[in-house]
Amino acid sequence: MSEAALEEVSVLSSIYCGEGEFQLIQQSAQDGLVVQINCTGVGDRGLDVRLVFHLHPDYPSSPPHISVSSTGLSRTQCHNIRQKLQDRAAALVPEPMVLQLVECSQQQCVEVTEDGREGNEAVEDSKKDEWAAVLLLDHIRSRNRYIGLLERWSHQLQLTGRLLLGQSILVILQGSKPDIKEFCRRLKTVKVDVDSSGRKCKERMMKILIESSWSFSRQHCFQGFVVKNYQSLSELPAAFEELHMTELYQQILPLLSD
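Residues numbered from 1 in each chain as written. Predicted model: local features only at pLDDT ≥ 70, side-chain atom pairs only at ≥ 80, totals over all residues. Heavy atoms only, no water.

Caption draft 1: The environment of S196, seen in detail. Counting through the fold element by element, S196 comes out in the loop between β8 (191-194) and β9 (200-202). With 55 residues separating them in the primary sequence, S196 and R141 have C-alpha atoms 8.3 Å apart. (Helix = DSSP H or I, 4+ residues; strand = E, 2+ residues; numbered from the N terminus.)

Right, dumping it as structure tokens:
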């Protein structure tokens, strides 16, 4: 990882120093840095906007990968803002640029919400896009590699979720249906783990326990992709209750006992 990138992250953490504003999600020599910046009260509508920047090991020689999400904007609007930020990043001189991109994102949010008609369409669009799925994984042996891939894919596909590690390994995803489908496709086609002999293997035994459109209230909306551990199946109901998803747990319970 370049010194410029590490110095920039240090500067960003000092600028966005409020509670929950800045988070260093990942740091590794192989995969680079992943930072999350939460902007609150953006524009006249006071939007809460979450920006995730994946800084590759050769950053800033190559621009960061960016994801944008907001409970006040549709996924289409977030996608459009993200695309403009990616175009902006590609056009900038290859030097630390995250702060510029954060400021640019706020301007883009203002421009998007200035059109009242588009704001109304955002509500309808977001309702169409809401989708949830619960996946059952067979095993995780190479923990760091496997979880690192799941986290990376969630950022790339602008999905949020939870990985529940215990007697049953569950992945709960929220996002658009096509992106969740792509996540599942990668699980079955990419070598994500190792088998009992230590050879790299794909997640061919993954099962989709449930998937459906899902109306997310603010308390049901995840932030980021978070790993949670539990010790036994008896603790699983409490894990879903903490996520405000007791009803979802009741739906998957018969499938876990198959």
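So much for the structure itself; the text now carries on.
Caption draft 2: Focus on the sheet that holds strand β2 (residues 32-42). Pairing within the open sheet is antiparallel, and its four strands lie in the order β1-β2-β3-β4. In this open sheet, the two edge strands, each paired with only one partner strand, are β1 (22-28) and β4 (65-70). Adjacent strand axes in the sheet meet at a mean angle of 15° when their direction is disregarded. Looking at chain direction, β1 and β2 are connected through six bridges and run antiparallel. (Pairing = 2+ DSSP bridges. Axes fitted to C-alpha atoms, helices over the stretch in contact; angles between N-to-C directions.)

Caption draft 3: Seen up close, the sheet that holds strand β6 (residues 160-165). The five strands lie next to each other as β10-β5-β7-β6-β11, forming an open sheet whose pairing is mixed. Each of the sheet's edge strands pairs with one partner strand only, and the pair in question is β10 (207-213) and β11 (225-229). Shown here is a sheet whose adjacent strand axes are inclined to one another by a mean of 10°, direction ignored. Of the strand pairs in this sheet, β6 and β11 are connected by five bridges, and their pairing is parallel. Looking at β11, one finds that L164 is bridged to K228. Relative to strand β5 (residues 131-137), helix α6 (residues 177-189) is tilted by about 15°, and along the sheet it contacts β5, β7 (169-175) and β10. Against the sheet, helix α8 (residues 246-256) contacts β5, β7 and β10, and its axis sits at roughly 155° relative to β10. (Contact = heavy atoms within 4.5 Å.)

Caption draft 4: Inspection of empty space enclosed by the protein at higher detail. Applying the stated rule across the entire model yields two cavities of 30 Å³ or more. Of the voids in this model, the largest cavity is the one considered here, and its volume is about 60 Å³. What lines the largest cavity is simply R50, V52, S67, V68, S69, S154, H155, Q158 and L159. Elements with a minimum of two residues in the lining of the largest cavity: β3 (47-55), β4 and α5 (143-156). Among the elements that line the lining of the largest cavity, the one with the most residues is β4, at three residues. Within the lining of the largest cavity, the residues separate by chemical class into three nonpolar, five polar and one charged. (1 Å grid on protein atoms, 1.4 Å probe; cavity = no way out; pocket = protein on both sides within 12 Å on 5 of 7 lines; lining within 4 Å. Points joined across faces, edges and corners; volume = space filled by probe spheres on them. Nonpolar A, V, L, I, M, F, W, Y, C, P; charged D, E, K, R; others polar.)

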